[in-house]
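Spelled out from the first residue to the last, the chains are:
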Amino acid sequence: MACLCDFCSAPNAGWRHPARSFTGYVVPGVIGESVGDWAACQECHELIVSGNRAGLTERSVLTFIAMHPELRVVKTELTTEMGMLHANFFANRAGPASAIA
Ligand SMILES: [Zn+2]
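Residues numbered from 1 in each chain as written. Predicted model: local features only at pLDDT ≥ 70, side-chain atom pairs only at ≥ 80, totals over all residues. Heavy atoms only, no water.

(A) Spotlight on the coordination of the zinc ion. Coordination of the zinc ion by the protein comes from Cys5 (SG), Cys8 (SG), Cys41 (SG) and Cys44 (SG), over a distance range of 2.2 to 2.3 Å. Around the zinc ion sit four donor atoms, and with donor-metal-donor angles ranging over 105 to 120° the site reads as tetrahedral. Expressed as a motif, the donor residue spacing for the zinc ion is C-x2-C-x32-C-x2-C. Here Cys8, found in the segment before β1 (15-17), pairs with Cys44, found in helix α1 (residues 42-49); they are 36 residues apart in sequence, far enough to count as distant. Grouping residues by exposure puts Cys8 and Cys44 together as buried. (Donors = N, O, S within 2.8 Å, 3.2 Å for Na, K, Ca; no water. Tetrahedral: all angles 85-135°; square planar, octahedral: opposite > 155°, others 65-115°. Helix = DSSP H or I, 4+ residues; strand = E, 2+ residues; numbered from the N terminus. Buried < 20%, exposed > 50% of the residue type's maximum accessible area, 1.4 Å probe, protein only.)

(B) Up close: the sheet that holds strand β4 (residues 38-40). Spatially, three strands are ordered β4-β1-β5 in an open sheet, and the strand pairing comes out antiparallel. On the outer flanks of this sheet lie β4 and β5 (98-99), each paired with one strand and no other. Inspection of the sheet shows β1 paired to β5 by two bridges, in the antiparallel sense. Of the residues in β5, the one forming a bridge with Arg16 is Ser98. With respect to the sheet, α1 is in contact with β1 and β4, its orientation differing from that of β1 by roughly 40°. (Pairing = 2+ DSSP bridges. Contact = heavy atoms within 4.5 Å. Axes fitted to C-alpha atoms, helices over the stretch in contact; angles between N-to-C directions.)

(C) Structural context of the packing of aromatic side chains. Considering all chains together, one arrives at five aromatic pairs under this definition. Summarising the aromatic geometry, the rings of Phe89 and Phe90 are spaced 5.3 Å apart at their centres and angled 65° between planes, so their arrangement reads as edge-to-face. Taken individually, Phe89 and Phe90 each receive the classification buried, so the pair is uniform in this respect. Aromatic ring contacts, followed pair by pair, group Phe7, Phe22, Trp38, Phe89 and Phe90 into a single cluster. Positioned above the aromatic ring of Phe90, the side-chain terminus of Arg53 is 4.0 Å from the ring centre. (Phe/Tyr/Trp six-rings, centres within 6.5 Å; stacked < 30°, edge-to-face > 60°. Lys NZ or Arg CZ within 6 Å of the ring centre and 35° of its normal.)

And the structure:
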């Protein structure tokens, strides 16, 4: 079963990062509550395990804007919001990543 990366929406997420559920809005209605584990593609997984949060946030914002070009004008705000969302993710990690079979 194909799984989307929760960070950059790549269609080939191969890693599962356990996390507790939390509420964190990037844009109201676009990303709401985070429920449970996060899926990550290989590139995002490597950013996560290496602790490169700035790189992870930058990658997420760029792919998010690619899907929603009208949001380019609020890139700075998006970067802040996405960084806060990812900070929540890191704060709520519940264990080591495992490969998705
Ligand atoms: Zn990804």
